[in-house]
Amino acid sequence: MSLITWSSEQFATNVSKHDIEHQEIFRLLNVLGDSVASSDRDAVGRDLDALIAYVAEHFASEEANFEAYGYPAYPGHKAEHDKLVATALDLQKKFHAGEAEVTADTAAFLVGWLTDHIPKIDKLYGSFLNEKGVA
């Protein structure tokens, strides 16, 4: 079952590297959703770890471009990334300590974050980076 589906119209930033990364995040989130639905705690842990690790790599990739090209909205954008990472790492720590579970609500939160962040925040960097020669 897909929790989230990529569409260029809704999510494309026109920076191909980051669009490909976003598509991989969607794939990993859908895998996590399947694990949550199966109630397989080991799979949930493995898939949660994979998603968080990949999101951290993706954020670093975007932020490297922001720094390299002097993206003026970089500080605010990074603050949004940092908030999500802190929330995710806290959940990850509590999950592995047996103090929290990853549920359908958790997945829905992540879907909501992505469907808000990419169209409203990420799409703003596309034209800026395109003008700098990043396609």
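(A) Summary view of helix H2 (residues 16–38). Taking 1.5 Å of rise per residue, 23 residues should cover 33 Å, and H2 covers 33 Å from first to last C-alpha, within 8% of that figure. Serine 39, located one to two residues past H2, shows a positive phi value of around 60 degrees.

(B) Summary view of unusual backbone geometry. A positive phi angle, near 70 degrees, is found at asparagine 14, a position not held by glycine. Looking at the element boundaries, asparagine 14 is found in the loop between helix H1 (8–11) and H2. Assessed through its relative accessible area of 53%, asparagine 14 is described here as exposed. A positive phi is found at serine 39, a non-glycine position, where the angle reads about 60 degrees. Along the chain, serine 39 turns up in the loop between H2 and helix H3 (41–69). The exposure class of serine 39 is exposed, given its relative accessible area of 64%.

Reading the values: the criteria
- Residues numbered from 1 in each chain as written.
- Predicted model: local features only at pLDDT ≥ 70, side-chain atom pairs only at ≥ 80, totals over all residues.
- Heavy atoms only, no water.
- Helix = DSSP H or I, 4+ residues; strand = E, 2+ residues; numbered from the N terminus.
- Expected span 1.5 Å × (residues − 1).
- Buried < 20%, exposed > 50% of the residue type's maximum accessible area, 1.4 Å probe, protein only.

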